[in-house]
Amino acid sequence: MILTVIILLFGLSATGGSSSVARAAGHRFLRTSRSLAEAAPLRPSELIIVYTTTPSRLPLVHATRPARRGIRTVIVLQDAREVAQLNERYGGEKSEHNETYLAWIDHASSASAGVNVGPYGRTAPVATHSLHLLGPAWAMAPLLAHAAVLASSSTPPLATATAASTSGGSSPLSPYRWMLIARDDTLWRPHQVVRLLSQYNDGVATAISDHLIDFNGHKLLAPSAAAAVCLPCSFNLTELLGRRHPPGVPQPSCPICRPASGCEFRFNLCGGLTGGEYCGTKRFLGSGDRCSHSWAAGGAGLALSITLLSYFNQEEWAGCVHAQRPSTGERSVGRCLWRNGFSFTHPAAGLPEGLTKDVFSSHHMLFGNPVVRQEIFGSSADAVLGPAYNAEAAAVRAAAAAAAAADKVAATGVVLAPGAVSRDGVESSGITVPASTRLPSAGAQDCDRECRQWLLRRGVNVHLDVPYTDDVDIKAAATVLQAAAEGMARATD
Ligand SMILES: *[C@@H]1O[C@H](CO)[C@@H](O)[C@H](O)[C@H]1NC(C)=O
Ligand SMILES: *[C@@H]1O[C@H](CO)[C@@H](O)[C@H](O)[C@H]1NC(C)=O
């Protein structure tokens, strides 16, 4: 029976061995890191797609299959028994769908060990959004996927790296080169992903996104124009913008983007002053290298190089995730990257092409751009999801009104999730997730024909954005997703 069930227990040390292997592999990898010029061209088969989902939403993940043919996909669920069944039913990684199912927690074994290990451990804080429940699994998924792929890879990184260097730099067979992480209803566009990531060196620790969220102490900024990011190492701002240090522009950072660099940008943008459109609280601005972290919008997703993932220890990462409960997984990932000394590299794709001087231009945002969503799904997305969106909006309004009546944080403009509770000490835990991957119902964006065509050519993914509520027709949403995925599979560009 070819059954790869990898059960990794949250907070237990059983996985210490495999993560130190991963670490060692990562260090070897660093030593053999190639310069961009000699790197072999990136192929879709060198990507890994990671989804975290629930059994009821699994049809969404399956609907994306046509678009990810030949790309290994790791799907993380909560329950080990379910995972075993899914690997059996769908054939696991050797199947035509190339899917590996992983469990984040094993209820059966933790029960027998006499420990009640739910998603939040023994003392469960109040989760106020379904994304909070999925949060820890989501935040652990990149590390679980990395370990699983290294473990199942028949060729150890050291041997292949050596072979590659002695054979004059032919394709170095690392288990993968980039990991793509997004929500279970995000459709990645492999051609476009390869086009973007080909400009980066996977031998360097890199996290990439241009759709970032900030909590500035008062409100959520999404996408944020004050994100603590760096520009790509290859950018020459003297060439692109006429100045080496243009005001209000993040700096290129080489080789790695560190939090300090992102904080410096934010501090300069705000002139060191709080308030105004972006610059919230003192804590948001920070001082020196200590400002608050940004995170990639979940539906828009992010790309992580294998080298970055090789740095992390699973236990330490789990500790970081655990310390931040309850939270959405995407926010935890941002925080734990930050805690480990990494921030995001913003591709600013319009800049080197001379299309804009605005790093944060929404017309050139490649991850989860709502305009691309509209182009790909047309009106079918809102036909299926419109009622759920309306119900969601009504619930948010009701919660906000209730909170205002109770003289809570709504007065500061914070939008609350349905059923949210404001809790002392857990700042903003009840804040809803902004829907920045879909167009606002009122405002059409002034993205003209040319703008749309450029975005269609370059946008790396689209997020259908199926709400995490019970009243959504998952089957109908999956049909919309599948039609788009099939169209994508036929497209040559
Ligand atoms: C699954 O993906 C891996 C990595 O891309 C590839 O080597 C393998 O051949 C794929 N398997 C199938 C059955 O497509
Ligand atoms: C950046 O561009 C300027 C102007 O073309 C050039 O003088 C400078 O050497 C470049 N810097 C680097 C690091 O390549």
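Every chain's residues receive numbers from 1 upward, in the order its sequence appears when written. The lettering of chains begins at A and the numbering of ligands begins at 1, in the order of writing. Selection of residues for local features in this predicted model requires a pLDDT of at least 70, selection of side-chain atom pairs for listing and counting requires 80 or more, and totals for whole chains, interfaces and linings are taken over all residues.

Asks: Help me out: how do you make sense of the environment of Cys257 in this one?
Replies: Secondary structure elements are taken from DSSP: a helix is a run of H or I of four residues or more, a strand is a run of E of two residues or more, and numbering for both begins at the N terminus. For Cys257, the position within the fold is in the loop between helix H8 (237–241) and helix H9 (259–269). Cys257 sits 50 residues away from Ala207 along the chain, and the two C-alpha atoms are 8.4 Å apart. If we ignore the near neighbours within four places in the chain, the residues touching Cys257 are Val229, Cys230, Gly262, Phe342, Ser343, Phe344 and Thr345. Contacts are defined on C-beta atoms placed from the backbone: any two residues whose C-beta positions lie within 7 Å are in contact.

Asks: Teacher, can you tell me more about the site of ligand 1 here?
Replies: For ligand 1, the full set of nearby residues is Ser45, Gly70, Arg72, Lys94, Glu96 and Asn98. Basically, the charged four are Asp, Glu, Lys and Arg, the nonpolar ten are Ala, Val, Leu, Ile, Met, Phe, Trp, Tyr, Cys and Pro, and anything else, Gly included, counts as polar. Considered class by class, the residues forming the shell around ligand 1 number no nonpolar, three polar and three charged. By definition, a residue lies near a molecule or strand provided its backbone-derived C-beta atom is within 6 Å of it.

Asks: Where do I start with the nonpolar core in this structure?
Replies: Across soluble globular proteins, you tend to see nonpolar side chains buried next to one another. For our purposes the nonpolar core covers buried Ala, Val, Leu, Ile, Met, Phe, Trp, Tyr and Cys residues that link as a set through C-beta atoms within 7 Å. To sort residues by exposure, count the other C-beta atoms lying within 10 Å of each residue's C-beta; 20 or more gives buried, 12 or fewer gives exposed, and values between give partly exposed, all with C-beta atoms placed from the backbone. Residues Ile48, Val50, Leu144, Met179, Leu180, Ala477 and Leu481 are the most contacted members of the largest nonpolar core, which totals 120 residues. Ignoring anything within four residues of it in the chain, the contact list for Leu180 reads Leu47, Ile48, Ile49, Val50, Trp188, Val193, Gly301 and Ala303.

Asks: Would you take a moment to explain the pairing of strand S10 (residues 302–305) for this structure?
Replies: Remark: a regular strand shows side chains that alternate across the two faces of the sheet. Covered by surrounding structure in S10 are Leu302 and Leu304 together with Ala303 and Ser305, the residues of both alternating faces. Note: two strands are recorded as paired if DSSP finds a minimum of 2 bridges between them. Pairing of strand S4 (residues 178–181) with S10, which is carried by four bridges, proceeds in the antiparallel orientation. Residue pairing in the sheet places Leu180 in a bridge with Ala303 of S10.

Asks: Mind showing me how you'd approach helix H3 (residues 80–90) here?
Replies: One turn of the α-helix equals 3.6 residues, which is why residues spaced by three or four share an orientation. For H3, the full list of buried residues reads Ala80, Val83, Leu86 and Asn87. For H3, the angular spread of buried residues about the axis comes to 115°, placing them on one side. Turned more than 90 degrees away from the buried face of H3 sit Arg81 and Arg89, all of them exposed. Positive backbone phi, approximately 85°, marks Gly91, located one or two places after H3. Working definition: the arc comes from the directions between the helix axis and the C-beta atoms, pointing outward to the latter.

Asks: Please explain helix H14 (residues 370–377) as it appears in this structure.
Replies: Among the eight residues of H14, seven are classified as buried, and the element is accordingly described as predominantly covered. Listed as buried for H14 are Pro370, Val371, Val372, Arg373, Gln374, Ile376 and Phe377. Each element contacted by the buried residues of H14 is listed here: helix H15 (380–405), helix H16 (449–458), strand S11 (461–463) and helix H17 (474–490).

Asks: So what exactly am I meant to see when it comes to the confidence of the model for the chain here?
Replies: Do not read the predicted coordinates in detail wherever pLDDT is low. A score from 0 to 100, pLDDT tells how confident the predictor is in each residue. Of the residues in the chain, 76% reach a pLDDT of 70 or more, and the chain-wide mean stands at 81. Taken as a whole, residues 409–430 scores under 50 in pLDDT and shows 52 contacts with residues more than four places along the chain or in a different chain.

Asks: I'm lost on the environment of Val462 in this one. Help?
Replies: Along the chain, Val462 turns up in strand S11. Placed 25 residues apart in sequence, Val462 and Thr437 show a C-alpha to C-alpha distance of 7.9 Å. If sequence neighbours within four positions are ignored, Val462 has contacts with Leu187, Val372, Arg373, Ile376 and Phe377.

Asks: How do you make sense of the sheet that holds strand S8 (residues 220–221) when you look at a structure like this?
Replies: Either a parallel or an antiparallel arrangement is found when strands of a sheet pair, and the pairing is made through backbone hydrogen bonds. Across the sheet, which stays open at both edges, the three strands sit in the order S8-S7-S9 with antiparallel pairing between neighbours. Single-partner strands in this sheet number two, and they are S8 and strand S9 (295–296). The sheet contact formed by strand S7 (residues 212–215) and S8 spans two bridges and is antiparallel. Bridge pairing in S8 places Asp214 opposite Leu221.

Asks: What is the right way to read unusual backbone geometry from this model?
Replies: As a rule of thumb, non-glycine residues mostly have phi less than zero, and peptide bonds are mostly trans rather than cis. Cis geometry is found at the peptide bond from Ala222 to Pro223, where omega equals -10°. With omega at -10°, the peptide bond leading from Cys254 into Pro255 counts as cis. Within the fold, Pro255 resides in the loop between H8 and H9. You will see that Asn98, though not glycine, has its phi angle at about 55°, which is positive.

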